[in-house]
Amino acid sequence: MRSLQVGHSPDADDIFMYYAISFGWIQSTQIRFENDALDIETLNQKALKGIFDVSAISFALYPLIALEQCLLRTGISFGNGYGPKLIKKKGKILKKNFKVALSGAHTTNAMLFRIAYPEARIFYKNFLEIETSVLSGAVDAGVLIHESILQYDESLEVECEIWDLWCDLNRQDLPLPLGGMCLRRSLPLQTAISVESLLTNAVRVALHNKPLLSKMLQERNLVRVDSKKLETYLNLYANEDSVCLNVQQLQALNTLFRIGYEHKFYTQIINAEECLIPTDYLEFRNV
């Protein structure tokens, strides 16, 4: 049995989409997964170094690792009318060079923010520290991600929705690409195909058993929100659109990569379809 290291974030949607495997609901006689839960920017940094065999990443990072990593079709999170929020203290007027806390240099929200606010002074922090940094006055504003978007201190207000920045840039009514998964290209192709299949089944099983799995995650203190907020959050980021990339989502990814290239975040444009695992290999092999 081959043991593979999987990195995922501790936010509720990643935990939900993966833990059917940890609970033994999805099993394989050939592959065993060992998982680590780390904040998204730590995962992005480790993906740049190729630390994990499989890892959750911010979609905005992917063009920087495309030569070493395949893009998985499953375990994906897109915003559709919602997403990260730029928050500040109520009534505060932000100057052009305001201080802002972001969750990491390679996150999608950071790229879109930097395009919209080129003069802002950025401080990168763990996503759990962003709200307190704004409240303490250490920064003027911060971009909330994950479950933090559902509830924040009543003294704060939304300055801007990252969704609105995305709409202004893409102009095609496309969903906002936030998080996905990648896999080391050095893995044998048959192993890569099996891994994607197992992870896809994990998402399907999780959605099919949503009430039970949600309850188990809460009983084991694996999520940071109550049952009502968990359901709301999963409806946003771990839903039927998370099972497998669709045509519109691929178009959104290609648009994100093009926007990043046009604003000099990347040195070349890549095509998302060309970065997926060629699952038709098995069909040709068995002909």
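Please read these numbers as outputs of a predicted model, since none were measured by experiment.

Rules used in this analysis
- The residue numbers shown here count from 1 along each chain, following its written sequence.
- It should be noted that, the model being predicted, local features are given only for residues of pLDDT at least 70 and side-chain atom pairs only at 80 or more, the latter also being counted only at that level, while totals for whole chains, interfaces and linings use all residues.
- By convention in this description, side-chain values take in all heavy atoms of the structure and omit both hydrogens and water.
- Only DSSP runs of H or I with at least four residues qualify as helices, and only runs of E with at least two residues qualify as strands; both kinds are numbered from the N terminus onward.
- Accessibility here uses a 1.4 Å probe with only protein chains present; expressed as a share of the type maximum, an area under 20% marks a residue as buried, one over 50% as exposed, and anything in between as partly exposed.
- Every residue pair with non-hydrogen atoms within 4.5 Å of one another is taken to be in contact.
- Distance and chemistry together define a polar contact, namely a pair of N or O atoms within 3.5 Å, with one atom able to donate a hydrogen and the other to accept it when in protein, and with adjacent residues in sequence counting only for side-chain atoms on both sides.
- The pairing criterion is simple: DSSP has to find at least two bridges between the two strands.
- In this description, a line fitted to the C-alpha atoms serves as the axis of each element, helices being fitted only across the stretch in contact, and the angle between N-to-C directions of two axes falls anywhere from 0 to 180 degrees.
- Note on terminology: a nonpolar core comprises buried Ala, Val, Leu, Ile, Met, Phe, Trp, Tyr and Cys residues joined through side-chain atoms within 4.5 Å.
- Relevant arc is that of directions from the helix axis to the C-beta atoms, nothing else.
- Centre distance within 6.5 Å is the pairing criterion for rings of Phe, Tyr and Trp, where only the six-membered ring of Trp is used; planes under 30 degrees apart are then read as stacked, over 60 as edge-to-face, and the remainder as tilted.

1. A look at the environment of Tyr233
Item 1. Topologically, Tyr233 is positioned in helix 8 (residues 227-237).
Item 2. What makes Tyr233 buried here is its relative accessible area of 1%.
Item 3. Sequence spacing of Tyr233 and Ser22 is 211 residues, and the spatial spacing of their C-alpha atoms is 21 Å.
Item 4. Once you skip the residues sitting within four places of it in the chain, Tyr233 turns out to touch Asp11, Ala12, Asp13, His146, Glu147, Leu150 and Ala238.
Item 5. Side-chain polar atoms of Tyr233 contact the side chain of Asp13, separated by 3.3 Å.

2. Description of the sheet that holds strand 9 (residues 141-144)
Item 1. In space, the five strands of this open sheet follow the order 8-7-9-6-10, with mixed pairing throughout. This sheet does not close on itself; its edge strands, each paired only once, are strand 8 (121-124) and strand 10 (156-161). The sheet shows a mean angle of 30° between the axes of neighbouring strands, direction not considered.
Item 2. The pairing of strand 7 (residues 99-102) with strand 9 spans two bridges and is parallel. Counted as the bridge partner of Ala101 is Gly142 from strand 9.

3. What about the nonpolar core?
If you look at soluble globular proteins, the nonpolar side chains tend to sit buried side by side.
Item 1. In this structure, Phe16, Phe33, Tyr62 and Trp166 are the most contacted members of the largest nonpolar core, which totals 100 residues.
Item 2. Looking at this core element by element, the count peaks at nine residues for helix 6 (residues 189-208).

4. Focus: helix 2 (residues 40-49)
Item 1. Turning to helix 2, its buried residues are Ile40, Glu41, Leu43, Asn44 and Ala47. Seen along its axis, helix 2 keeps its buried residues to an arc of 155°; they face one direction.
Item 2. Where helix 2 terminates, the next one or two residues include Gly50, which has phi positive at roughly 70°.

5. Some details on the packing of aromatic side chains
Item 1. Enumeration over the complete set of coordinates arrives at ten aromatic pairs.
Item 2. With centroids separated by 6.0 Å and ring planes inclined at 80°, the aromatic side chains of Tyr18 and Tyr19 adopt a geometry described as edge-to-face. Considered together, Tyr18 and Tyr19 belong to a single accessibility category, that of buried residues.
Item 3. Measuring from ring centre to ring centre gives 5.4 Å for Phe59 and Phe78, while their planes differ by 50°; the resulting arrangement is tilted. Of this pair, Phe59 sits in the loop between strand 3 (54-58) and strand 4 (69-71) while Phe78 sits in strand 5 (residues 77-79); the two residues are 19 residues apart in sequence, bridging distant segments of the chain.
Item 4. By relative accessible area, Phe59 is classed as buried at 0%.
Item 5. An aromatic cluster is defined as three or more aromatic residues linked by ring pairs; in this entry it consists of Tyr18, Tyr19, Phe23 and Trp25.

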